[in-house]
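# Observations on the model geometry
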Amino acid sequence: MTAPAASDNPVRVRFAPSPTGFIHMGNVRTALFNWLFAGHHNGVFILRIEDTDTERSKTKFEKQLLEDLRWLGLDWNEGIGRNGDFGPYRQSDRYPIYHRYARQLLEEDKAFRCFCSEEELEKVRRAQLERNETPRYCGKCRYLTPAEIETRLKAGTPCTLRLRVRPGGVGFSDLVFGRIDIDTIQISDPVLLRSDNSPTYNFCCVIDDFLMKITHVIRGDGHLSNTHRQILIYEALGAPIPQFAHLSTILGPDGEKLSKRHGATSVEEFKRQGYLPEALVNYLALLGWSPPNEGQEIMSLDEITGQFDLSRVLKSPAIFDNSKLDWMNRTYINKTPDSSLADRAGQFFVDSGLIPAQIDAATHSWLARIIGLVKTRVDHLEQLPGEAAVVYGYATDPPEIDAAALEILSSSDGQAVAREFARLVEGKQSLTPETYREIVAQVKAVTNQKGRGLFHPIRAALTGRGSGPELEKLIPLYEEGSSLNLPRKVMSCRERLRAVLARISHKVS
RNA sequence: GUCCCCAUCGUCUAGCCGGCCUAGGACACCGCGCUUUCAAUGCGGCAACACGGGUUCGAAUCCCGUUGGGGACGCCA
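The shown structure was predicted, so the numbers you read here are calculated from the model rather than taken from an experiment.

What follows covers the overall build of chain A. Within chain A, the secondary structure is distributed over 21 helices and 12 strands. Taking 2.2 N^0.38 as the reference for a compact globule, 509 residues should give roughly 23 Å; the C-alpha atoms of chain A span a radius of gyration of 33 Å, well beyond that estimate. Reported as C-alpha extents along the three principal axes, the dimensions of chain A are approximately 110 × 50 × 40 Å. With 509 residues in all, chain A has 48% of them scored as buried. Sequence separation of 24 or more characterises 75% of the internal contacts of chain A that already satisfy a separation of 6 or more. Summing over all exposed atoms, chain A offers an accessible surface of approximately 24,300 Å²; the carbon and sulfur share of this is 50%. Computed over 64 positive and 65 negative side-chain charges, the inter-centroid distance for chain A is 1 Å.

To continue, consider unusual backbone geometry. Unlike most non-glycine residues, N42 shows phi in positive territory, near 55°. Locating N42 in the fold gives a position in the loop between α1 (25-40) and β2 (44-47). Phi is positive for N197, which is not a glycine, with a value near 80°. Relative to the helices and strands, N197 resides in the loop between β8 (191-193) and α6 (201-211).

So, about helix α11 (residues 322-335). Between its terminal C-alpha atoms α11 stretches 20 Å, which fits the 20 Å expected from 14 residues at 1.5 Å a residue. Burial in α11 covers these residues: L325, D326, M328, N329, Y332 and I333. The buried residues of α11 all sit within an arc of 165° when viewed along its axis, so they share a single face. Contacts made by the buried residues of α11 are with α8 (267-272), α9 (277-285) and α12 (338-351).

Turning next to the nonpolar core. In this structure, F203, F320 and F421 are the most contacted members of the largest nonpolar core, which totals 145 residues. Apart from the residues within four sequence positions on either side, F421 is in contact with L431, Y436, I439, V440, V443, I458, L462 and L497. Listed in part, the nine residues of the second largest apolar core include F112, C114, L144 and C159.

Conventions used here
- Residues numbered from 1 in each chain as written.
- Chains lettered and ligands numbered in written order.
- Predicted model: local features only at pLDDT ≥ 70, side-chain atom pairs only at ≥ 80, totals over all residues.
- Heavy atoms only, no water.
- Helix = DSSP H or I, 4+ residues; strand = E, 2+ residues; numbered from the N terminus.
- Rg over C-alpha atoms; globule rule 2.2 N^0.38 Å.
- Buried < 20%, exposed > 50% of the residue type's maximum accessible area, 1.4 Å probe, protein only.
- Contact = heavy atoms within 4.5 Å.
- Areas by Shrake-Rupley, 256 points an atom, 1.4 Å probe, with all protein chains shown as cover.
- Lys, Arg positive; Asp, Glu negative; His and termini not counted.
- Charge placed at Lys NZ, Arg CZ, Asp CG, Glu CD.
- Expected span 1.5 Å × (residues − 1).
- Arc of directions from axis to C-beta.
- Core = buried A, V, L, I, M, F, W, Y, C linked by side-chain atoms within 4.5 Å.

See the structure below:
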């Protein structure tokens, strides 16, 4: 890993999730855009963990998060697990820092102690709401005299630390939303330190971004209204204000916020279903962003990085469309070499009990060829073993035959072809594409069938299905599969024909 | 309730510093071709500027309003 080229003002961005749950696609998109922006500007991508909510933060979520990001190929060059000059990178490890700045703000009178209890505040809030007023902090403790403060402190009254919000306007130019100005009257004096002395999100976030020299804050648009509050904190700290870019929300198919009931929303769910990370990431990049040379949608991370630009990011929310993701995933599956797919999808076959956990080269190449034959018909890797049933089928007794095949084999012409074909196969040691072609020619001569009438019964008898991959490619897989040592038996062509003929003669006569 | 934001085919979007737009591409859907079958693939089709006012010779593009949607207003992040 080479360090990015040092320049006067290197771009430094960060992804700062809270480990309070499994990471969903909206967060992944935020991480991705940060990663792309850093990459494009040859900057630094930092991973910071915001776990000031000790109730909900869990280390298992943090672990999963790191794994997910790595799987997606969104590695970071500074932060958790990587170190760097601005650590620690987990907020729960930074409390002394926050307290130092809290003390500073208090001393400078830019913050003040508030002795109002939560119940009191809640009461005021409800009353304001009832009167149809904007609920906001009443400012009761803003101007307590030193003596008043002293007595409350002595009495042990719990207090929070609040920022003393200045009158006037605050605004910023968001890189995607544009200029947003408001009056500070809209903002209540935000709590910096809770009554248990723990720092709040807005406070930590600003201090960290300041100390970590973050140049661009790219995050979800839920933070749009936090930004003004945070700018006021930057001001109080005398810290430079970074650039902001807010990303619109990703919605479910029904236009509602993405949630569990929309099916797969977390990275590990997509991974479990056999989506390729490159497809996922490519799809996500196109949600709210489009390349300048529109028309090319299938792009590698490198290509996207080269073209990425926040000015082309849309403000309006996007709906997550599974069918387009599936299309993209299919495209990537079909681009990937079969042997590499065998590596990536191997586990799905193991889990389905079709191949052993450890396989030899012969089995691997056999598996790769099966995948090559059926991969055009799956959306994601998890469906592969199901499609491989064309090869594994017939292991049941009686053999499974679909309606279309049964129909074909129930006609006397169809049966004649199948019988003649089976008879000739019996005379061969094993079936190869060459001997297969010879036999087909003979069957054709004997039965006088051709085209559909000839090939359909043969397919039906050999595969038990009315349709499927090319027979000439399937046949060697049957023959080779029957000699491999597999947890579930694959029948040779001859065995298949015997089984199916036994079944149909039983059924018809 | 107050404040802020958003609005092009069913979906993702191009276009938006006005004329090249009878609005382009992709997904999905439908049809045709290729193929012994299916899948893949090739070709074609359907389908949108939320509404109402302005400004202008001219508006998807600029302004105002309406409607619809989202967010914020926490000792959550």
